[in-house]
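Residue-level structural notes
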Amino acid sequence: MTESLLPTKSPNLIAQPAKLKYLCIAPPKWGKTTLFSGCPNCCLLAFESGYASADCPIVVITAWDRSYKQRKLGWDEDETGLVYTSAMEVLEELERDNPYDFLIIDTVDQALLGLSL
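Our subject in this report is the structure included herewith.

Quick word on the sheet that holds strand β2 (residues 58-63)
In space, the five strands of this open sheet follow the order β3-β4-β2-β1-β5, with mixed pairing throughout. Looking at which strands have only one partner, the edges of the open sheet turn out to be β3 (76-77) and β5 (102-106). The pairing of strand β1 (residues 42-46) with β2 spans three bridges and is classified as parallel. If you follow Leu 45 over to β2, its bridge partner there is Val 59. Against the sheet, helix α3 (residues 87-96) engages β1, β2, β4 (83-86) and β5, with an angle of about 100° to β4.

As structure tokens, then:
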């Protein structure tokens, strides 16, 4: 008698929270960014202002892309440690080397509508 190849019990699948994708929709100032910035080893990609309570590294997206001349100058950083650059440059850098377990994109609708910082 041969054993059946069909499974007889449920697999032991355990989801890793950092590997999941989350979508959090709520009115402004309800603490969405603050909540997710508490995740370990995360980075906030901010397409608009309103990230004062975020407790993580922050990259402020100022444009979709920058000219070659601007890119050669490097990313801008202010005295508080905020980094300013384009969305394309961040994506290229994350493809090259992503040190984060969790990325926060705030706010998707601002990114889709165009940047007006």
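What about the nonpolar core?
In this structure, Phe 36, Cys 42, Leu 44, Ala 46, Tyr 51, Ala 54, Cys 56, Ile 58, Val 60, Leu 82, Phe 102 and Ile 104 together form the largest nonpolar core, which totals twelve residues. Broken down by element, the residue count for this core peaks at three residues, all from β1. Not counting residues within four places of it along the chain, the set of residues in contact with Leu 44 comprises Thr 33, Tyr 51, Ala 54, Cys 56, Pro 57, Ile 58, Val 59, Ile 104 and Asp 106. Cys 43, Leu 45, Ile 61 and Val 90 belong to the second-largest nonpolar core, a separate cluster that totals nine residues.

Here we look at the side chain of Asp 106
With respect to the helices, strands and loops of the structure, Asp 106 is situated in strand β5. It turns out Asp 106 is buried and unbridged, and the closest side chain with the opposite charge, Lys 32, is 6.4 Å from it. A polar atom in the side chain of Asp 106 sits 2.6 Å from the side chain of Thr 33. Beyond its immediate sequence surroundings of up to four residues, Asp 106 is in contact with Thr 33, Leu 44, Leu 45, Ala 46, Phe 47 and Glu 48.

Rules behind the numbers
Residues numbered from 1 in each chain as written. Predicted model: local features only at pLDDT ≥ 70, side-chain atom pairs only at ≥ 80, totals over all residues. Heavy atoms only, no water. Pairing = 2+ DSSP bridges. Helix = DSSP H or I, 4+ residues; strand = E, 2+ residues; numbered from the N terminus. Contact = heavy atoms within 4.5 Å. Axes fitted to C-alpha atoms, helices over the stretch in contact; angles between N-to-C directions. Core = buried A, V, L, I, M, F, W, Y, C linked by side-chain atoms within 4.5 Å. Buried < 20%, exposed > 50% of the residue type's maximum accessible area, 1.4 Å probe, protein only. Lys, Arg positive; Asp, Glu negative; His and termini not counted. Salt bridge = Lys/Arg side-chain N within 4 Å of Asp/Glu carboxyl O. Polar contact = N/O pair within 3.5 Å; in protein donor to acceptor, adjacent residues only side chain to side chain.

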